[in-house]
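# Structural description and commentary
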Amino acid sequence: MSTTTTTTTTSIQLTDTVGWTSSRPNATSTSRAKSIPGRPEDEVLIASREADSTVPDGGYGWAIVVSGCVLMWWAVGTTYAWGVIQRTLVNDGLAGPAVVSFIGSLQAAMVSLCATSNAWLLQYLGPRRTALTGVALLGGCEILSSFTTHNLGGLFVTSGVMFGLGASFVFCVITAIPSQYFNKKRGLANGLIFAGSGLGGAVISIALDPLIEKVGLAMAYRVLGIVTLATGMPAAWIMKERTSLPRRKFIEWKMFKSVNFVVICAATALGTFPLYVPPFFLPLYANSLGFSSATGAGLVAGFTLSSAAGRIICGYLCDMIGAINVLFITLILTALSMLAIWPASTTLGPLTLFVVINGLSNGGFFCTMPTVASNVFGSARVGMVMSMIISCWIGGYVMGAPIAGYLLEAFGGAERGLTAYRPAMLYGGSLSLVSSIMILINMMENFASRRLGPGRWLEDPYLDMSVDKARNKK
């Protein structure tokens, strides 16, 4: 009997090569008070691993992927394209870039602000009704925004708060449901879903610029709202859970006993500050270098297309080399591109290189996080864990781009070219660098605790030691 149990356990562990840690179903049970999330004895994680072994890794899950891709197209892709609208509002004299960028920041900040309450809302409304409500808010507020294009306060309410609330509803569904349909292909599925935001940002950026030139910003808002409703509502209707969502608290305080959870929260919270700086300010920066508005919109489109590619690539890599390794790579690429490439980009060639590299890392960051949360702390609590992590990002979402805008104004304004933009570039790149160093230190500590030999750096440093022992025996 003992021999049979050991063989079964090893088989389960060897199939789990994706996340930070592996569970041991036959491990000695510990008391609930001593159970730390993400550790092998964590009861929820053990239950999640057992449930994950039965997921179809496809089937209706691919319909969920298509649905999620369309929803992210509008919920996040529109935010990526905010730079095109921001340039129009600044050129019309509504306000300076620092103030107008606050509206785009609010769209992202509402996702963080409402994250924990939306996790509760999702349990009671279900994913379909939550997604339908989110799409209704997204499309409806864009139609309302068409009547407030000359009213700064009105835009803060419609394009800022209301749009952000709708996006937060969609986002909480996207982070919780796909993990019920995928296990071994979870990273790829998340990458394909989150790629929708990059593709949407590219198409919306390219379409908005000539549309605004031809019919004006107000009518462009109405067209955007109608198309969002026409395509988003059917996609939201497709979304449904495979198993009933567990009833959980808003916040599970014992998560903060996990060092890895605290580090990932702190590092990614810092890393969110520079993420929206490039897409929000690329059109203005291109104009300051003498390029046309179409070139600025094209750069944003290139950024978001690269972001879409980065989400798919990094989602696949999460399944291959581990989510934490991919997260570190995205952060260090963001830092290097903003510190080394953007400050040297005074012509279209280097600027295009920056757009591609920064877009890849930007998209990879976002698609990696749901995979990290579900693999480390269990798919059963992924919605709650993601809501806690995203809540920590509110500072970066609210102040990340506006701080860059204030630095821009302090050093000469949007028309002064590279000299005025360089402090904002250094600010964003430095924060990404610090964030990547925090992740690296944590990775090294986990590597050291496992005493890994040479050539093992590509393996996920958070895999359980028992997996190493099983592989060594084999």
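Residues numbered from 1 in each chain as written. Predicted model: local features only at pLDDT ≥ 70, side-chain atom pairs only at ≥ 80, totals over all residues. Heavy atoms only, no water.

### Remarks on the overall build of the chain
The following threshold applies: A run of H or I in DSSP becomes a helix once it reaches four residues, and a run of E becomes a strand once it reaches two; helices and strands are each numbered from the N terminus. Note on exposure labels: buried denotes an accessible area under 20% of the residue type's maximum, exposed denotes more than 50%, and partly exposed covers the range between, all computed with a 1.4 Å probe on protein chains only. Here, residues are in contact when the closest pair of their heavy atoms is within 4.5 Å. Note on areas: Shrake-Rupley, 1.4 Å probe, and residue coverage restricted to the protein chains presented here.
For the chain, the count of helices and strands is 19 helices and zero strands. Looking at the chain as a whole, 59% of its 474 residues are labelled buried. Across the chain, every contact between residues at least 6 apart in sequence was considered, and the portion connecting residues at least 24 apart equals 82%. About 17,600 Å² of surface is accessible on the chain, with carbon and sulfur atoms providing 68% of the total.

### A few points about the packing of aromatic side chains
The condition that has to hold: Each aromatic pair joins two rings of Phe, Tyr and Trp (for Trp, the six-membered one) with centres within 6.5 Å, and gets the label stacked for planes under 30 degrees apart, edge-to-face for over 60, and tilted for any other angle. Either the NZ atom of lysine or the CZ atom of arginine qualifies as a charge over a ring when it sits within 6 Å of the ring centre and within 35 degrees of the ring normal.
Counted by the stated rule, this structure contains 19 aromatic pairs. Pairing Phe256 with Phe261 gives two aromatic rings, centres 5.4 Å apart and planes at 80 degrees, and the pair type is edge-to-face. Through successive ring pairs, a cluster of aromatic residues spans Tyr80, Tyr276, Phe280, Phe303, Phe365, Phe366, Trp393 and Tyr397. The ring of Trp237 carries the charged tip of Arg128 above its face, separated from the ring centre by 4.4 Å. Directly above the ring of Tyr60 sits Lys240, whose terminal nitrogen or CZ lies 4.7 Å from the centroid.

### As for the packing of helix α5 (residues 82-91) against helix α6 (residues 97-113)
For clarity, the threshold we go by: Note on geometry: axes are lines fitted to C-alpha atoms, helical ones only across the stretch in contact, with angles between N-to-C directions running from 0 to 180 degrees. In these notes the angle categories are as follows: under 35 degrees is roughly parallel, over 145 is roughly antiparallel, 65 to 115 is roughly perpendicular, and the rest is oblique. Throughout, a crossing is termed right-handed when the near helix is turned clockwise from the far one, and left-handed when it is turned anticlockwise from it by less than a right angle.
Where α5 contacts α6, the axes come no closer than 10 Å and their chain directions differ by 150 degrees. Taken together, α5 and α6 sit at an angle that is classed as roughly antiparallel. In the crossing of α5 with α6, the sense of the turn from one axis to the other is right-handed. Within the contact between the two elements, α5 uses Trp82, Gln86, Leu89 and Val90 and α6 uses Pro97, Val100, Ser101, Ile103, Gly104 and Gln107.

### Points about helix α11 (residues 259-271)
For clarity, the cut-off: A helix's residues, less one, multiplied by 1.5 Å, set its expected span.
Compared with the 18 Å implied by 1.5 Å per residue over 13 residues, the 18 Å span of α11 between its first and last C-alpha is a close match. All buried positions along α11 are accounted for by Asn260, Phe261, Val263, Ile264, Cys265, Ala267, Thr268, Ala269 and Gly271.

### Here's the deal with the confidence of the model for the chain
If pLDDT is low for a region, its predicted coordinates should not be looked at in detail. Here is the rule: Each residue carries a pLDDT score, the predictor's confidence in it, ranging from 0 to 100.
In this model, the chain carries a mean pLDDT of 81, and residues with pLDDT of at least 70 account for 80%. Within the chain, helix α1 (residues 2-15) has the poorest average pLDDT of any element, 33, and helix α10 (residues 217-238) the best, 96. Of the regions scoring below 50 in pLDDT, residues 451-459 engages in 15 contacts with residues more than four places distant in sequence or in other chains. A low-confidence stretch, residues 463-474 (pLDDT under 50), is modelled with 28 contacts involving residues beyond four sequence positions or located in other chains.

### Concerning a nonpolar patch on the surface
Keep this limit in mind: Each patch is assembled from residues with relative accessible area greater than 30% and no salt bridge, linking like charges that lie within 9 Å and nonpolar side chains (Val, Leu, Ile, Met, Phe, Trp, Tyr) that lie within 5 Å. Salt bridge, as used here, is a side-chain nitrogen of Lys or Arg placed within 4 Å of a carboxyl oxygen of Asp or Glu.
Together, Val215, Met219, Val223 and Val227 make up an exposed nonpolar region whose accessible area comes to about 270 Å². With three residues, the top contributor of residues to the nonpolar patch is α10. Among the secondary structure elements, Val223 is positioned in helix α10.

### Looking at empty space enclosed by the protein
Condition: A cavity, in this analysis, means grid points on a 1 Å lattice covering only the protein atoms where a 1.4 Å probe fits yet has no way out; a pocket is instead an open set bounded by protein on both sides within 12 Å along at least five of seven lines, and a residue lines either one if it has an atom within 4 Å of a point. Grid points are joined across faces, edges and corners, and a volume is the space filled by probe spheres set on the points. By the convention adopted, Pro, Cys, Tyr, Trp, Phe, Met, Ile, Leu, Val and Ala count as nonpolar, Lys, Arg, Asp and Glu as charged, and the other residues, Gly among them, as polar.
Applying the stated criterion to the full structure yields three cavities of 30 Å³ or more. Taken as a whole, the largest cavity encloses approximately 130 Å³ of empty space. Around the largest cavity, the lining is made up of 15 residues, and of these Val76, Val111, Phe171, Tyr276 and Tyr397 lie nearest the centre. Elements that contribute at least two residues to the lining of the largest cavity include exactly α3 (61-75), α6, α8 (152-176) and α9 (186-215). A per-element tally of the lining of the largest cavity places α6 first, with three residues. Volume-wise, the second largest cavity comes out at about 50 Å³. Taken together, Thr78, Trp82, Ile85, Gln107, Glu142, Ser159, Phe163, Tyr221 and Leu224 make up the lining of the second largest cavity. A class-by-class count of the residues in the lining of the second largest cavity yields five nonpolar, three polar and one charged.

### Remarks on helix α13 (residues 293-321)
Here α13 spans 41 Å end to end across 29 residues, near enough to the 42 Å set by a 1.5 Å rise per residue. Just beyond α13, the residue with positive phi is Gly322, at close to 100 degrees.

### Details of the packing of helix α7 (residues 115-145) against α8
It is at 7 Å that the axes of α7 and α8 come closest, and there the two elements cross at 145 degrees. When the axes of α7 and α8 are compared, the crossing they make is left-handed. Partitioning the contact of α7 with α8 into residue classes produces 19 nonpolar, nine polar and one charged.

### Quick notes on the nonpolar core
Quick reminder of the rule: Residues grouped as a nonpolar core are buried Ala, Val, Leu, Ile, Met, Phe, Trp, Tyr and Cys residues, joined through side-chain atoms within 4.5 Å.
Formed by 117 residues in total, the largest nonpolar core has its most connected members in Leu71, Trp342, Phe366, Trp393 and Ile439. Setting aside its immediate chain neighbours within four residues, Phe366 contacts Tyr80, Phe194, Leu275, Tyr276, Arg311, Trp393 and Tyr397.

### Some thoughts on the environment of Val263
Within the element layout of this structure, Val263 appears in helix α11. Classification of Val263 by relative accessible area gives buried; the value is 17%. Between the alpha carbons of Val263 and Met438 there is a distance of 7.2 Å; along the sequence they are 175 residues apart. Each residue touching Val263, except ones within four places of it in the same chain, is listed here: Met438 and Asn442.

### Quick word on the pattern of salt bridges
Any two side chains of opposite charge can pair if their charged atoms end up close together. On inspection of all chains with the given rule, the structure shows one salt bridge. With a shortest N-O distance of 2.8 Å, Asp209 and Arg87 are connected by a salt bridge. You can see Asp209 sitting in helix α9 and its partner Arg87 sitting in helix α5, a full 122 residues away along the chain. Since its relative accessible area comes to 4%, Arg87 is described here as buried.

### Focus on the side chain of Ser146
Of note, Ser146 is situated in the loop between α7 and α8. A residue is classified by how much of its surface remains accessible, and Ser146, at 4% relative accessible area, is buried. Setting aside residues up to four positions removed in sequence, Ser146 forms contacts with Ala218, Tyr221 and Arg222.

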